[in-house]
Amino acid sequence: MTRKVSYFYNPDVGNFHYGPGHPMKPHRLSVIHSLVMNYQLHKKMLIYRPYKASAHDMCRFHSEEYIEFLQRVTPQNIQGYTKYLSHFNVGDDCPVFDGLFEFCAMYTGASLEGAQKLNYSLSEICVNWSGGLHHAKKFEASGFCYVNDIVIGILELLKYHPRVLYIDIDVHHGDGVQEAFYLTDRVMTVSFHKYGNYFFPGTGDMYEIGAESGRYYSVNVPLKEGIDDQSYVQVFKPIISHVMEFYRPTAIVLQCGADSLAGDRLGCFSLSTKGHGECVKFVKDLNVPTLVVGGGGYTLRNVARCWTYETSLLIDETISNDIPMNDYLEFFAPDFTLHPEIVTRQENANSKQYLDLIVRHVYDNLKMCQHAPSVQMFNIPEDALQTDDGKIRDESDPDVRISQADEDRMIEAKNEFYDGDNDNDKIGELDK
């Protein structure tokens, strides 16, 4: 059965530029959107121009002084902020560029709005390819990421969902998200990533399992270079199946970093778009409300191929391998196909024995989770996207508006609470 899919896109989000030679190119978002439209995928989704997050929204996770710095600093006044640059880890990897805060507001607002649509059952899958910036920390930028839209989206989901599962298939460890929820059982983080030989960010060992209430709720799958489709699926499907069995999440956030594809400028895996997409399809078929976000991906044409293909999987639409006419057709030369043949000299360093060992280790840890935690909630915090008069913001384009029936359903959902046996205090901590 086709599920209701909402897709968030701001036409300006692809116009930002990290600087000459920088591998992160927001322009990829314009290319993806052009492909999505020319494959006619928009006809099977609700398309929204997303809400822009405010500084207040960002401060639900990040420190006020850090967000204030992002609001104020520009390439023109950077000399006056020299002492803050190293303090907030802004510089080479995370440069100051024109419109930096505006860019953060766009991609973060889309994840926040997607989370709220899932909360109100207005959509079953929400897609924000501009989001997924999983390295950003509470007090600093990291790994091309400034504001952690994933953490902010999960905090919104936690207002209505007792358990949120975060899955990360970027080649880099989802360290910012893991760190944010390391001490709680309300969020389980599962990251599949390259680990070892000082590969960025250097975290994500299989023995990082969480602490305090969050012990056993951080799951790490450290992989070696060259992993191919077959080996990746050999670990991905059983681990996610075990996680679903033991954790029983009521919402999922899936980070689809495309730097795990073969031939990525910064990656070292050998996945095809079909192999990467197989993971997305597997999660979609779990039939749990899901927020799908982007992430890394530094060979632009392959990121566009991958996320366009995955958009088609999310709406159950079969699309041609021949790339249709679009504004960026020359990017896909010489073959002009969605699934080009993989050419990789990277040997797969992951033996079957090594992968089996990881799956067994994860399974043994999951067995230590006594039961899926539940939470007692009486007062659901105020919604992020409400206007001052208490009405729900009409965040969509004029032709896709929230109806009175939708608004009634939102209010009805807000009046529900979960029964359970955890303390209520943790919610307050998470929502600060």
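In this text, all values refer to a predicted model and were calculated from it rather than measured experimentally. (Residues numbered from 1 in each chain as written. Predicted model: local features only at pLDDT ≥ 70, side-chain atom pairs only at ≥ 80, totals over all residues. Heavy atoms only, no water.)

Let us now look at the overall build of the protein chain. The helix and strand inventory of the protein chain stands at 13 helices and eight strands. Looking at the protein chain as a whole, 60% of its 432 residues are labelled buried. Across the protein chain, every contact between residues at least 6 apart in sequence was considered, and the portion connecting residues at least 24 apart equals 80%. Taken as a whole, the protein chain presents about 17700 Å² of accessible surface, with 49% of it coming from carbon and sulfur. (Helix = DSSP H or I, 4+ residues; strand = E, 2+ residues; numbered from the N terminus. Buried < 20%, exposed > 50% of the residue type's maximum accessible area, 1.4 Å probe, protein only. Contact = heavy atoms within 4.5 Å. Areas by Shrake-Rupley, 256 points an atom, 1.4 Å probe, with all protein chains shown as cover.)

Okay, the state of the cysteines next. The final tally for this structure, using the stated rule, is zero disulfides. Here Cys-279 is not disulfide-linked; the sulfur of Cys-256 is the nearest cysteine sulfur, at 9.0 Å. For Cys-306, which is in no disulfide, the shortest distance to another cysteine sulfur is to Cys-256 and amounts to 7.4 Å. (Disulfide = S-S within 2.5 Å.)

Grouped together as the largest cluster of nonpolar side chains are 133 residues, with contacts concentrated most on Tyr-146, Ile-154, Met-188, Phe-192, Leu-223, Tyr-232 and Ile-239. Residue contributions to this core peak at eleven residues, all from helix α5 (residues 100-119). When near neighbours in sequence (up to four residues on either side) are disregarded, Ile-239 contacts Val-190, Phe-192, Val-221, Ile-358, Val-359 and Val-362. (Core = buried A, V, L, I, M, F, W, Y, C linked by side-chain atoms within 4.5 Å.)

Across the sheet, which stays open at both edges, the eight strands sit in the order β2-β1-β3-β8-β7-β4-β5-β6 with parallel pairing between neighbours. The open sheet has two edge strands with one neighbour each: β2 (46-48) and β6 (218-223). Taking each pair of neighbouring strands and ignoring which way they run, the sheet shows an average axis angle of 15 degrees. Relative to strand β8 (residues 290-293), strand β7 (residues 251-255) runs parallel, the two being bridged by four bridges. Bridging across to β8, Gln-255 finds its partner in Val-293. On top of the sheet, helix α6 (residues 149-157) reaches β3 (125-128), β4 (164-168), β5 (187-194), β7 and β8; it is set at about 170 degrees to β7, its chief contact. (Pairing = 2+ DSSP bridges. Axes fitted to C-alpha atoms, helices over the stretch in contact; angles between N-to-C directions.)

Running from N to C, helix α1 (residues 27-38) and helix α10 (residues 300-314) point in directions that differ by 45 degrees, and their axes come no closer than 9 Å. Our classification of the angle between α1 and α10 gives oblique. The hand of the α1/α10 crossing is right-handed. Of the residues in α10, those in contact with His-27, Arg-28, Val-31, Ile-32, Leu-35 and Val-36 of α1 are Leu-300, Val-303, Ala-304, Arg-305, Trp-307, Thr-308 and Thr-311. Of the residues assigned to the contact of α1 with α10, the class counts are eight nonpolar, three polar and two charged. (Parallel < 35°, antiparallel > 145°, perpendicular 65-115°, else oblique. Left-handed = near helix turned anticlockwise from the far one by under 90°. Nonpolar A, V, L, I, M, F, W, Y, C, P; charged D, E, K, R; others polar.)

Scanning all chains against the criterion turns up 14 salt bridges. A salt bridge links Asp-356 to Lys-352; its shortest N-O distance comes to 3.0 Å. You can see Asp-356 and its partner Lys-352 sitting in helix α11 (residues 352-366), four residues apart, about one turn around the helix. Residues joined in a network through salt bridges with shared partners are Lys-281, Lys-284, Asp-285 and Asp-316. (Salt bridge = Lys/Arg side-chain N within 4 Å of Asp/Glu carboxyl O.)

Per-residue pLDDT for the protein chain has a mean of 90; in total, 85% of the residues score no lower than 70. Predicted confidence is poor over residues 414-432, with pLDDT under 50, and the contacts of this stretch with residues over four places away or in other chains come to 45 contacts. (pLDDT = per-residue confidence, 0-100.)

Time to look at the pairing of β8. Where burial is concerned, the two faces of β8 agree: the one with Thr-290 and Val-292 and the one with Leu-291 and Val-293 are both buried. As judged from the four bridges shared by β3 and β8, these two strands associate in the parallel manner. Residue pairing across strands places Val-127 opposite Val-292, the latter belonging to β8. In this view, the connection linking β7 to its parallel neighbour β8 by way of helix α9 (residues 273-284) has right-handed handedness. (Right-handed = clockwise from strand over helix to strand, strands pointing away.)

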